[in-house]
Amino acid sequence: MVQVTERDLAMVEWLGVVRLAEVDAIRWALGAMLGSAEPISTRKAQHWIMRMVEAGLVARARPTFQGASIVWATHDAVGRQPPNLFRQTTRHEVAVATVSARYLALGYTWQRDRRPISILDHQADGIATREGRAELVEVELTAKSTQRYMHIYENYSTRLAREGVSRVAYYCTADADRVVSREADRFIFRTERQRLVSTIAFDERGHWIGNSLSLTASFSSCSVVQDAND
DNA sequence: AGTGAAATACAGGAGAATCT
DNA sequence: AGATTCTCCTGTATTTCACT
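Note that the structure is predicted; figures quoted are calculated from it, not measured. (Residues numbered from 1 in each chain as written. Chains lettered and ligands numbered in written order. Predicted model: local features only at pLDDT ≥ 70, side-chain atom pairs only at ≥ 80, totals over all residues. Heavy atoms only, no water.)

## Regarding the environment of S181
Under the convention used in this document: Starting at the N terminus, helices and strands are each numbered in turn, a helix being any DSSP run of H or I of at least four residues and a strand any DSSP run of E of at least two. Here, residues are in contact when the closest pair of their heavy atoms is within 4.5 Å.
Mapped onto the elements of the fold, S181 is located in helix α7 (residues 174-187). Leave out the neighbours within four places in its chain, and S181 touches R193 and S198.

## A closer look at the environment of I200
The condition that has to hold: Relative accessibility under 20% of the residue-type maximum defines a buried residue, over 50% an exposed one, and the middle range a partly exposed one, all with a 1.4 Å probe and only protein chains included.
You can see I200 is positioned in strand β8 (residues 196-202). You can call I200 partly exposed: its relative accessible area is 41%. Not counting chain neighbours up to four residues away, the residues in contact with I200 comprise C172, T173, A174, D177, I209 and G210.

## Things to note about the confidence of the model for chain A
We apply this condition: Per-residue confidence from the predictor is reported as pLDDT, a score between 0 and 100.
Confidence in the prediction for chain A averages 85 pLDDT; 90% of positions are at 70 or higher. Below pLDDT 50 for its whole length, residues 217-230 participates in 15 contacts with residues either more than four positions away or in separate chains.

## Observations regarding the pattern of salt bridges
To keep it simple, the criterion reads: When a carboxyl oxygen of Asp or Glu is within 4 Å of a side-chain nitrogen of Lys or Arg, the pair counts as a salt bridge.
Summed over the entire model, instances satisfying the criterion amount to 14 salt bridges. When the shortest N-O distance is used, the salt bridge between R114 and E163 registers 2.9 Å. Of this pair, R114 sits in the loop between β4 (109-111) and β5 (126-130) while E163 sits in the loop between α6 (146-162) and β7 (165-173), placing them 49 residues apart in sequence. Classification of E163 as partly exposed rests on a relative accessible area of 39%. One salt bridge in this structure joins E135 and R167, with 2.8 Å as the shortest N-O distance.

See below:
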């Protein structure tokens, strides 16, 4: 019989929030649940997945069109329908989970953003919170149109200025990073501009290429900028 | 102390991508 | 095409851990 611990349940709950994750993200999230900022080994993560599959809490598949196995929490575990792995947005969701797991490892909690409250509102890919500071997180594997950035940034400017959002962080491919930054320069007023940061974290195939420190690195560069302006 | 589950380590296999 | 390399996944033996 498989033993299910508190940590296992916390992991499954997180999987329910992000919907999908690949093994690499599981490594980071499990490390985080052990109180570590480092990922556990791949083998260990795979054993965990096998145990959870046996317990009926997690399901797994390896679509041939992409490298790693995709893992999700079963309907029994979280009461949500299993994700469709063949949708266009699946790669994006997997990438969001990859970023989310690294936030967990840094001691953040992770939630979904609120549903849009108006036609002009924009829903981020997630909210990472630590010590009362909430950060909106976006994963951008392909750049959107200029028009859409105008709307999204207008919305983010408001949330930064009036809704207690401390920062907006983009994790991008090289191409998307260029556009995200350029459009931010155009559309975000200078008093808020420094609080939107973008880093190159994925290659064109959607594989994580940021190092484990890239989140913290962007934090420190952000605070340096703020100090300089204070 | 004894038992079963989990962690760990190492060897190896399948499949895709790349090279010649 | 065939060989090679790479990445991700699996089998299994051994050690560690948790519980009664």
